[in-house]
Amino acid sequence: MKKLLALVLAGMMAFSLTACGDGGSSSSEGSASDGSSAAGGEDKAVTIGVTIYKYDDNFMSYVRNDMDKIVAEMDGKVTLSMNDSQNNQSTQNDQVDTMIGSNVDALAINLVDPQAAAVVQKKAQDAEIPIVFFNKEPDLATMQEYDKSFYVGTTSSESGVEQGNVVVDYLKADADKKWDKNGDGKIQYLMMKGEPGHPDAEARTEYSVKTIKDAGYEMELLAPEDTAMWDTAKAKELMDNWYAQYGDKIELVLCNNDGMALGVVSSLTANKVNGKVMVAGVDALPEVMDYIESGDMIGTVLNDDQNQAQAVIDLAVNLARGNDPLAGTSWKFDETGKSVRVPYKAVTKENYKEFVK
Ligand code: GAL
Ligand code: CA
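Read on for a plain summary of the structure.

What counts as what
Residues numbered from 1 in each chain as written. Chains lettered and ligands numbered in written order. Predicted model: local features only at pLDDT ≥ 70, side-chain atom pairs only at ≥ 80, totals over all residues. Heavy atoms only, no water. Helix = DSSP H or I, 4+ residues; strand = E, 2+ residues; numbered from the N terminus. Salt bridge = Lys/Arg side-chain N within 4 Å of Asp/Glu carboxyl O. Buried < 20%, exposed > 50% of the residue type's maximum accessible area, 1.4 Å probe, protein only. Donors = N, O, S within 2.8 Å, 3.2 Å for Na, K, Ca; no water. Expected span 1.5 Å × (residues − 1). Contact = heavy atoms within 4.5 Å. Pairing = 2+ DSSP bridges. Axes fitted to C-alpha atoms, helices over the stretch in contact; angles between N-to-C directions. Phe/Tyr/Trp six-rings, centres within 6.5 Å; stacked < 30°, edge-to-face > 60°. Lys NZ or Arg CZ within 6 Å of the ring centre and 35° of its normal.

Some details on the environment of Gly76
Here Gly76 shows up in the loop between α2 (58–72) and β2 (78–84). In this structure, the C-alpha to C-alpha distance between Gly76 and Ala45, residues 31 residues apart in sequence, is 8.1 Å.

Let's talk about the pattern of salt bridges
By the definition in use, this model includes 13 salt bridges. The closest approach of N and O atoms between Lys77 and Asp43, which form a salt bridge, is 3.0 Å. Placement of the pair is Lys77 in the loop between α2 and β2 and Asp43 in the loop between α1 (2–19) and β1 (46–52), with a sequence separation of 34 residues. Residues Glu137 and Arg341 are paired through a salt bridge, measuring 2.8 Å at the closest nitrogen-oxygen approach. Linking Glu137 in the loop between β4 (131–134) and α5 (140–143) with Arg341 in strand β12 (residues 339–341), this pair joins segments that are 204 residues apart in sequence. Judged by its relative accessible area of 26%, Arg341 falls in the partly exposed class.

Quick word on the coordination of the calcium ion (ligand 2)
The protein atoms that coordinate the calcium ion (ligand 2) are Asp180 (OD), Asn182 (OD1), Asp184 (OD), Lys186 (O), Gln188 (OE1), Glu251 (OE) and Glu251 (OE), at distances of 2.3 to 2.6 Å. Between the donor residues of the calcium ion (ligand 2), the gaps in sequence give the motif D-x1-N-x1-D-x1-K-x1-Q-x62-E. Remark: Glu251 occurs in the loop between α8 (232–246) and β9 (252–255) and Asn182 occurs in the loop between α6 (156–173) and β6 (186–193); sequence separation between them is 69 residues.

Some remarks on α6
Taking 1.5 Å as the rise per residue, α6 with 18 residues should run 26 Å; its terminal C-alpha atoms sit 27 Å apart, in good agreement. At its buried positions, α6 is contacted by β6, α7 (199–214), β9, β10 (278–280), β11 (299–302) and β13 (345–348).

Things to note about unusual backbone geometry
Phi at Asn87 takes a positive value of approximately 60 degrees, unusual for a residue other than glycine. Although it is not a glycine, Asp283 sits at a positive phi angle of roughly 130 degrees. Within the secondary structure layout, Asp283 lies in the loop between β10 and α10 (289–294).

Quick word on the sheet that holds strand β5 (residues 149–153)
If you trace the six strands from one edge of the open sheet to the other, you get β2-β1-β3-β4-β5-β12, paired in parallel fashion. Where the open sheet ends on each side, the last strands, each with one partner, are β2 and β12. Looking at each pair of strands side by side, their axes are set apart by 20 degrees on average, direction ignored. Strand direction decides the pairing type here: strand β3 (residues 106–109) and β4, joined by three bridges, are parallel. Across the sheet, Ile109 pairs through a bridge with Phe133, a residue of β4. Against the sheet, helix α3 (residues 89–101) engages β1, β2 and β3, with an angle of about 175 degrees to β1. Relative to the sheet, helix α4 (residues 117–126) contacts β3, β4 and β5, its axis offset from that of β4 by approximately 155 degrees.

Concerning the environment of Met278
Within the secondary structure, Met278 sits in strand β10. Given the relative accessible area of 4%, Met278 is considered buried. Along the sequence, Met278 and Gly295 sit 17 residues apart, while their C-alpha atoms lie 8.6 Å from each other. The residues contacting Met278, other than those within four sequence positions of it, are Tyr170, Leu171, Trp179, Glu251, Leu252, Val253 and Ile298.

Details of the packing of aromatic side chains
Applying the stated criterion to the full structure yields two aromatic pairs. Ring centres of Trp179 and Tyr217 lie 6.4 Å apart, and the angle between their planes is 80 degrees; on these two criteria the pair is classed as edge-to-face. In this pair, Trp179 is assigned in the loop between α6 and β6 and Tyr217 in the loop between α7 and β7 (218–221), connecting sequence segments 38 residues apart. This pair shows no difference in class: Trp179 is buried, exactly as Tyr217 is. Its end group placed over the ring of Tyr53, Lys136 keeps NZ or CZ at 3.7 Å from the ring centre. The ring of Tyr62 is capped by Lys357, whose NZ or CZ atom sits 5.6 Å from the centre of that ring.

Functional significance is not addressed by these values, which are geometric in nature.
So this is what it looks like as structure tokens:
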């Protein structure tokens, strides 16, 4: 009886494989939604070739683990071929060549260098393989050159605005203005940037400050903004230098991400002034929640790794099966028809418990 069942199942699988082996021309029927959140349509077995710009990045390691988990909970017919690009674009280019050579059905690419989108996309286009970029946003003009090229990410400026709001709300709630250590009414601050040229880093740097100024606060930048490349150890070192130079003058440190905020807090702790300087990050890493509770950080901004991972898998699987990229999902493209943007959310002492995983 068991044998018979196995035979029937094997027969069904063989049928469904041949049924979609015709280059996907029968795929339009696959766009019917079954109401589930998984990518809809045909269930052809597919392999998605994934690159992560480097595994050694706090936030991206959450995205990567989410992707693995999502696929493990699917029907067993989606395989990820996952690569660590080790922060090296030419390594990533080789990985893409290798994956195309082994006939992956779609690519999901976290670029090392956002400027490399055209080169990577051309490889996919020449091989007629769909490509979903994620996290590092390529420029729109590049994506518009290939009808099977899409992006999953966020609206970068929104994270800057939300981080600015975290600061403004904190200042407003501080009735006796303890934040203003020198009592001059201005905010003496430092700006710790992520990777220069990264759309998220540039937008967070600009919009956080703009939001605080627009709320009517005067700000004074103590040292030229500097980068710690999203990295905790580099951030600790930079903050050690800044503290040695500016000491008690520092009232606020804006960090483009939580990875760096962790380094800042550890430097301030070593100098015994943690909790006496306002520190804000972005990402809402689980590691920062205790610091928000203790007051070592005033807040962060949720960068929604789970929904971004889900959208990448949904779009890539749909495209791999020849379906409409959004088939059977609730994602929507922005006005360009190319990008799915997952919203950010401010996280402070008031609401952080909602974000503890
Ligand atoms: C950002 C994130 C950073 C870093 C970067 C990598 O969205 O906030 O922590 O992971 O992506 O591209
Ligand atoms: Ca001041």
